[in-house]
Amino acid sequence: MLNLRMYINGEWRDSTSKGTQDVINPSNGEVFAKATSGNSEDAKVAIEIARRTFDSGIWSEMPNSERALYLFKIADKIEEKREELLRLETFDNGKTLRESGYDVSDAAACFRYYAGLITKPDGQTYNVPGPVQAMVVQEPIGVCGLIVPWNHPLLMSAWKIAPALAAGNTIVFKPSEMTPVTATKLFEIIEEVGIPDGVVNLVMGPGREVGNEIATNPLVDKISLIGGTNTGRHIMRAAAENITNISLELGGKSPNIIFSDANFEAAIDYALYGIYFGTGQVCSAGSRILVEESIYQQFVEKFVERAKKIRVGAGDNPNTEMGPLVSQEHMESVLDYIKIGQQEGASLVCGGYRVEKDGLEKGYFVAPTVFTDVTSEMRIVQEEIFGPVAVIQSFRDEQEAIYLANNTKYGLAGSVFTNDGAKALRVIKKIRAGITYVNTYHLGFVEAPWGGYKQSGIGRGLGTFGLQEFQETKQININLQVEPIGWFEN
Ligand code: NAD
């Protein structure tokens, strides 16, 4: 049994409350690790240490090229420990080994990208009037409170820790209480590569205690959250007290628009991948499939036929194509939404039940589920279910497709399938979302900004934008001819 502890000021520590939290394998409901469960006092200590360490300059004033070396080493070690990390991710979150493998590779790539980026030129100079040299420099923002969810535990940790560290900040990091395992392994790597004590601190525990302390503590300069929209709302309110800088990467209910002229087989394939990859527990999941009227029936039939064949099973079974939901509570929430859909009058045409056969009885499995005959007002069409539940709606023409696509409070992702290039770009330009695709789904690159419009968030992670989220911008004006100005006569 793994015992996970917090990492504060270079030491592995238990919570001052001595509480622990079971870490459960969602494929079989068994406890496979125990994590110390921190509280607001632990978070406060970590924040004070991060503050002192930032102000000492040991990391914030280190040359960028030197900081980059640590990040390259972290990337190398993630790859060295690939097998261990991907297995642990699968036990912790339930995702398939294949899905975990991608997360491990992407996490290493993220550290490598920011290690490279931080050594590239930044800042600007301006040719301004007068004997003045004006310039702009980027500086680290300070103490960063980083809070991440359970759906990609290692990858989301990398998305936040890599740019924050590259920029020269110190960190207080909180993983989801449900999935602290690979984040802890990442901190072991951080210790191994010799990042100075106090630069990166790990505090586990519930959001309402540890997360809330991070959001309200005046010593924190930046709060960066990946999580649900309600948590984002809470953090925004909490941050208002100290006007703390925030970035929020939140939920979604993303449209996947299929026109009748699309490559039909490819559209089916990507639509399945769009919603069922990660068991639908992906912020950018294509959970609303919009299909042009003339191919709607044919599309639904084929989609359901294929969805029924998806092999549901334990994450560590190499034969599995779709793993369990992350927890019993989350499974119950998804099953509740399925009931709500039926009560709302939608037609349940596939799945809709817990899978409990062939050794899966103790896990949190839900069959790939499809609703048709849905209307825009239904909760299953408007709310993020975060599970393997697709709603398929038909549209008459381009205009209606755009209207339906944007008829949501969210704006994270969106996709269009068509063989008409001009139509694809016309529609994409009208979609109010930050991550869009043409004839594909779930593509993501560390180079490109990630984030949402509307209630899907504020700011952008990844790419150069993701580095700027962790930097302050300072203008410097240098007088090149120092003499009295004579503004006041006497
Ligand atoms: P969540 O909002 O419940 O939790 C996310 C993190 O916030 C956890 O570490 C949690 O402990 C913490 N937290 C919870 N309440 C808090 C509070 N009051 N103050 C401070 N911290 C608090 O989300 P989740 O269930 O872990 O993850 C699923 C959600 O994350 C989905 O809505 C999904 O769309 C979203 N998500 C978004 C992105 C993105 O890039 N936009 C990526 C992954 C997941």
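Residues numbered from 1 in each chain as written. Predicted model: local features only at pLDDT ≥ 70, side-chain atom pairs only at ≥ 80, totals over all residues. Heavy atoms only, no water.

1. Examining the pairing of strand S11 (residues 222-226)
Regular strands place their side chains on alternate faces of the sheet. Counting buried positions over the five residues of S11 gives five, a clear majority of the element. Of the two faces of S11, the one carrying Lys 222, Ser 224 and Ile 226 and the one carrying Ile 223 and Leu 225 are both buried. The sheet contact formed by strand S8 (residues 143-147) and S11 spans four bridges and is parallel. The residue of S11 that forms the bridge with Gly 145 is Ile 223. Of the strand pairs in this sheet, S11 and strand S12 (residues 245-249) are connected by five bridges, and their pairing is parallel. Residue pairing for S12: Leu 225 is matched across the bridge by Leu 248. Following the backbone out of S11, through helix H8 (residues 229-240) and into the adjacent parallel S12, one traces a crossover that is right-handed. (Buried < 20%, exposed > 50% of the residue type's maximum accessible area, 1.4 Å probe, protein only. Helix = DSSP H or I, 4+ residues; strand = E, 2+ residues; numbered from the N terminus. Pairing = 2+ DSSP bridges. Right-handed = clockwise from strand over helix to strand, strands pointing away.)

2. Things to note about the packing of aromatic side chains
The tally for this structure, following the rule as stated, stands at 15 aromatic pairs. The interplanar angle of 35° and the centroid separation of 6.0 Å between the aromatic rings of Tyr 276 and Phe 303 together place this pair among those described as tilted. Within this pair, whereas Tyr 276 is found in helix H9 (residues 264-276), its partner Phe 303 is found in helix H10 (residues 293-308), the two being separated by 27 residues in sequence. Summarising the burial analysis for this pair, Tyr 276 and Phe 303 share the class buried. These aromatic residues form a ring-pair network of at least three members: Tyr 7, Trp 12, Phe 173 and Phe 187. The ring of Phe 470 is capped by Lys 222, whose NZ or CZ atom sits 5.8 Å from the centre of that ring. Against the face of Phe 259 rests Lys 423, its NZ or CZ located 4.2 Å from the ring centre. (Phe/Tyr/Trp six-rings, centres within 6.5 Å; stacked < 30°, edge-to-face > 60°. Lys NZ or Arg CZ within 6 Å of the ring centre and 35° of its normal.)

3. Here's the deal with the layout of surface pockets
Empty space among the atoms becomes visible once a probe the size of a water molecule is rolled across them. Taken as a whole, the second largest pocket spans an internal volume of roughly 530 Å³. Contributing to the lining of the second largest pocket are 16 residues, with Arg 98, Leu 272, Tyr 273, Phe 277 and Glu 321 lying nearest its centre. Counting only elements with at least two residues in the lining of the second largest pocket, the list comes to helix H4 (97-117) and H9. Of the residues that constitute the lining of the second largest pocket, the class distribution is eight nonpolar, two polar and six charged. Both domains that meet at the lining of the second largest pocket, namely domain 1 (2-250 + 456-476) and domain 2 (255-438), each give it at least three residues. (1 Å grid on protein atoms, 1.4 Å probe; cavity = no way out; pocket = protein on both sides within 12 Å on 5 of 7 lines; lining within 4 Å. Points joined across faces, edges and corners; volume = space filled by probe spheres on them. Nonpolar A, V, L, I, M, F, W, Y, C, P; charged D, E, K, R; others polar. Domains from an automatic or database assignment.)

4. Here's the deal with the pattern of salt bridges
Scanning all chains against the criterion turns up 28 salt bridges. In this structure, the salt-bridge partner of Lys 302 is Glu 305, at a minimum N-O distance of 3.8 Å. Residue Lys 302 and its partner Glu 305 are located together in helix H10, separated by three residues, close to a single helical turn. Among the salt bridges present, the one from Glu 356 reaches Arg 354, with a minimum N-O distance of 3.9 Å. Judged by relative accessible area, which is 42%, Glu 356 ranks as partly exposed. Linked by salt bridges that have partners in common, Lys 77, Glu 80, Lys 81 and Glu 192 make up one network. (Salt bridge = Lys/Arg side-chain N within 4 Å of Asp/Glu carboxyl O.)

5. Notes on the site of the ligand
Neighbouring residues of the ligand: 28 residues in total, closest Val 148, Glu 177, Thr 231, Leu 250 and Glu 384. A distance of 3.4 Å separates a nitrogen atom of the ligand from a polar atom in the backbone of Gly 207. In this structure, Gly 228 approaches the ligand through a main-chain N or O atom, which is 2.8 Å from an oxygen atom. Protein contacts shield 87% of the accessible area of the ligand, which totals 840 Å² for the unbound molecule. Mapped onto the shell around the ligand, the elements with two or more residues apiece are helix H7 (207-216), S11 and H8. (Near = heavy atom within 4 Å. Polar contact = N/O pair within 3.5 Å; in protein donor to acceptor, adjacent residues only side chain to side chain. Areas by Shrake-Rupley, 256 points an atom, 1.4 Å probe, with all protein chains shown as cover.)

6. Describing the side chain of Ser 100
Along the chain, Ser 100 turns up in helix H4. Every residue in contact with Ser 100, bar those within four places of it in the chain, is listed here: Leu 86, Glu 89, Thr 90 and Lys 95. (Contact = heavy atoms within 4.5 Å.)

7. Observations regarding the sheet that holds strand S14 (residues 288-292)
The pairing of strands in a sheet comes from backbone hydrogen bonds and takes either a parallel or an antiparallel form. Here seven strands make up an open sheet; going across it, the order is S15-S16-S17-S14-S13-S19-S20 and the pairing mixed. The open sheet terminates on both sides in strands that have one partner only, identified here as strand S15 (347-350) and strand S20 (435-438). When the angles between neighbouring strand axes are averaged without regard to direction, this sheet yields 20°. With three bridges joining them, strand S13 (residues 255-258) and strand S19 (residues 413-417) adopt parallel strand pairing. Note on S19: the bridge partner recorded for Ile 258 is Phe 417. Across the sheet, H10 touches S13, S14, S15, strand S16 (369-372) and strand S17 (389-395), and the angle it forms with S14 is around 135°. Contacts between helix H11 (residues 328-343) and the sheet are confined to S15, S16 and S17, with S16 contributing the most and set at about 25° to the helix. (Axes fitted to C-alpha atoms, helices over the stretch in contact; angles between N-to-C directions.)

8. Let's talk about the domain arrangement of the protein
The domain architecture assigned to the protein consists of domain 1 (2-250 + 456-476) and domain 2 (255-438). Distance from the C-alpha centre of domain 1 to the C-alpha centre of domain 2: 31 Å. Facing 23 residues of domain 1, the contacting portion of domain 2 comprises 26 residues. Viewed at the interface, domain 2 and domain 1 are joined by zero salt bridges. Our count for the domain 1 to domain 2 interface comes out at seven residue pairs in polar contact (both at pLDDT 80 or more). Of all the secondary structure elements, the ones that give two or more residues to the side of domain 1 that touches domain 2 are helix H3 (82-93) and H4. Ranked by the residues each element gives to the side of domain 1 that touches domain 2, the list is headed by H3, at four residues. Partitioned by chemical class, the residues of the side of domain 1 that touches domain 2 number seven nonpolar, 12 polar and four charged.

9. Description of the sheet that holds strand S6 (residues 124-126)
On the basis of which strands lie adjacent, the open sheet formed by three strands has the order S6-S7-S23 and antiparallel pairing. The sheet is open, and its two borders are formed by S6 and strand S23 (471-479), each paired with just one other strand. Going from strand to strand, the sheet's axes swing by 20° on average, the running direction of each strand aside. One ladder, built from three bridges, connects S6 with strand S7 (residues 132-140); its direction is antiparallel. If you follow Tyr 126 over to S7, its bridge partner there is Ala 134.

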